[in-house]
Amino acid sequence: MEIIIWLDYIGTMVFAISGVLTAAGKKLDLFGAMFIGVVTAIGGGTTRDLLLGVTPVTWLQEYGYIISILLGFIITFLFRKFVVRMRKTLFLFDTIGIGVFTIIGLEKALNLGVNPIVAVIMGMTSAVVGGVIRDTLTNELPLIFHKEIYAMACIAGALFYLLFDWLELPLAVNEILTIGIIITIRLLSIRFNLSMPVLKNPEN
Amino acid sequence: MEIIIWLDYIGTMVFAISGVLTAAGKKLDLFGAMFIGVVTAIGGGTTRDLLLGVTPVTWLQEYGYIISILLGFIITFLFRKFVVRMRKTLFLFDTIGIGVFTIIGLEKALNLGVNPIVAVIMGMTSAVVGGVIRDTLTNELPLIFHKEIYAMACIAGALFYLLFDWLELPLAVNEILTIGIIITIRLLSIRFNLSMPVLKNPEN
Amino acid sequence: MEIIIWLDYIGTMVFAISGVLTAAGKKLDLFGAMFIGVVTAIGGGTTRDLLLGVTPVTWLQEYGYIISILLGFIITFLFRKFVVRMRKTLFLFDTIGIGVFTIIGLEKALNLGVNPIVAVIMGMTSAVVGGVIRDTLTNELPLIFHKEIYAMACIAGALFYLLFDWLELPLAVNEILTIGIIITIRLLSIRFNLSMPVLKNPEN
């Protein structure tokens, strides 16, 4: 679907913005903030490509991702106050982003013929690893390890994708449904303050 | 040797368990703990495969590793108290694990025709990098950088492997001896509380 | 240019020394310090190779890098006081190092036919990512994210390289000029205490 490509670029841009915003207030300079923006935006897809052996990795092969990231930087630096005020809207795009990244990762993996469990993991990897690298580089415990339903929404979406594919739904329908499921799970989990159980220390 | 494959799976399972146990008590949720479990189990082999250019990386190409990790998770979550009580036994399997991982990494590298020094480094990488990633993601200074003889046991074992290979010992004998040497060095270093010297700050 | 290869080895050696010096005073043992030395020295080039799909990565394919690193270790451990006293000289070689690493990364990327923006990023990656990994593994906020002009000097140098290439300057002249520009920017930024602006928290 053509629209998936555009949503991929928009997701990349939103991830770059979120990376820069995360970097602000942590004593990082402009370069550091942009570095974090880039790894947030392309970290997940890059990890997926490396694991699958797709090299040069996707964002090196065309201008689309670089331009999306630069656009994200320009928007953030020119309209900082506006971007911060728009955080709720950004959040929605971020959620669309993880949905799109999950589908792209899943489809890439399936096309390369890996087994379905691994393909689901690759979908989730595309969506969440950028954030893990962002948090690790800024010395934080990765957000997705301890806050809300995020990665599990991607995994659930990916499993539904496989189900719909097995049911032979048309691809476009499958993709829309999958993105819808991921967004719904994420929004519901935030609305009702759901999160994964925290692991207790077994020695206590 | 057929048994190497089984020891590889058991090692992977034990590494996954150790990852989950490390994650517990650090405010990680269930997903975070499993994520740490996975990277602990496959991080070393994945790094080795990426550096050598073996892609898709090994654990993507078959069900064995995924199943070993899932089994590790199930055991940990169902029998948590038991697993914690069995830590000493687990430790033994962990030590067998690093021996097996070292040999597998070394053999893979040699088969790809890299030079022997690099092959030794690849053997050690397979065994220890999973733990380094685990510690980095949970904001700890990697254990192997400051505690006991661990990586050096792998390096010593790998050097003996090369020696035995040069002496034309049969492969199976070589592998058993090498694993034995790695286990022995590790156990002796713990028994006699040996560790690598700590580097002093040269400016003092 | 033949000299580029030698400067590459010298840069690798100096980066290994700087890694070990950084590790000292952080409670790392000898193995940890050497591990940090290795990733500092080869982290940038390895990341570049992985992203571009050049595998086995460069330092696995020949003895030159390993020998440079070992030499760096031997010098550091035998002549520690001397090395610390020579820090200013080392700093100069480090600066030559990032210049050389930038050019090598840039040329490798251009030879593989990626677009010029990406090639500039690959040049910078070769020069700075080793330091980022070093700092992340030792639980520090990466130096290049908040201190002085470092990565931007590499980016500026890489852009001039592209300009000189477009002006059809001979390769050797281009390389010398580019290294000169990177060194000059870095030295001037330190002399006049220039740094990138720090990003303020947009919510204040």
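Residues numbered from 1 in each chain as written. Chains lettered and ligands numbered in written order. Predicted model: local features only at pLDDT ≥ 70, side-chain atom pairs only at ≥ 80, totals over all residues. Heavy atoms only, no water.

As recorded by an unreviewed UniProt entry, chain A carries the name Glycine transporter domain-containing protein and is attributed to Marinilabilia rubra. The annotation that UniProt attaches to chain A under Subcellular location (unreviewed entry) is "Cell membrane". For chain A, the Sequence similarities (unreviewed entry) comment in UniProt is given as "Belongs to the UPF0126 family." (UniProt positions renumbered as here; feature names shortened; annotations may be inferred.)

(A) Up close: the side chain of E107 of chain A. Residue and element names in this part refer to chain A. Within the secondary structure, E107 sits in helix α5 (residues 87–111). Despite its burial, E107 pairs with no opposite charge, the nearest such side chain being R48 at 9.6 Å. One polar contact links E107 to Y161, side chain to side chain, over a distance of 2.8 Å. Beyond its immediate stretch of four places on either side in the chain, E107 contacts Y161, L171 and E175. (Helix = DSSP H or I, 4+ residues; strand = E, 2+ residues; numbered from the N terminus. Buried < 20%, exposed > 50% of the residue type's maximum accessible area, 1.4 Å probe, protein only. Lys, Arg positive; Asp, Glu negative; His and termini not counted. Salt bridge = Lys/Arg side-chain N within 4 Å of Asp/Glu carboxyl O. Polar contact = N/O pair within 3.5 Å; in protein donor to acceptor, adjacent residues only side chain to side chain. Contact = heavy atoms within 4.5 Å.)

(B) Just the interface of chain A and chain C, in detail. At the junction of the two partners, chain A supplies 32 residues and chain C supplies 36 residues. Note on chain A versus chain C: buried area summed over both sides is about 2800 Å², and carbon and sulfur give 71% of it. The largest contributions to the chain A side of the interface with chain C come from D29, F31 and L60 of chain A, which together make up 23% of the buried area. Seen at the junction of chain A and chain C, the total is 0 salt bridges. For the pair chain A and chain C, the interface holds 2 residue pairs in polar contact (both at pLDDT 80 or more). At the level of secondary structure, the elements contributing two or more residues to the side of chain A that touches chain C comprise α1 (2–23), α2 (30–52), α3 (64–78), α4 (80–85) and α6 (116–137) of chain A. Looking at the side of chain A that touches chain C residue by residue, the class counts come to 19 nonpolar, 7 polar and 6 charged. (Buried area = accessible area lost by both parts, 1.4 Å probe. Nonpolar A, V, L, I, M, F, W, Y, C, P; charged D, E, K, R; others polar.)

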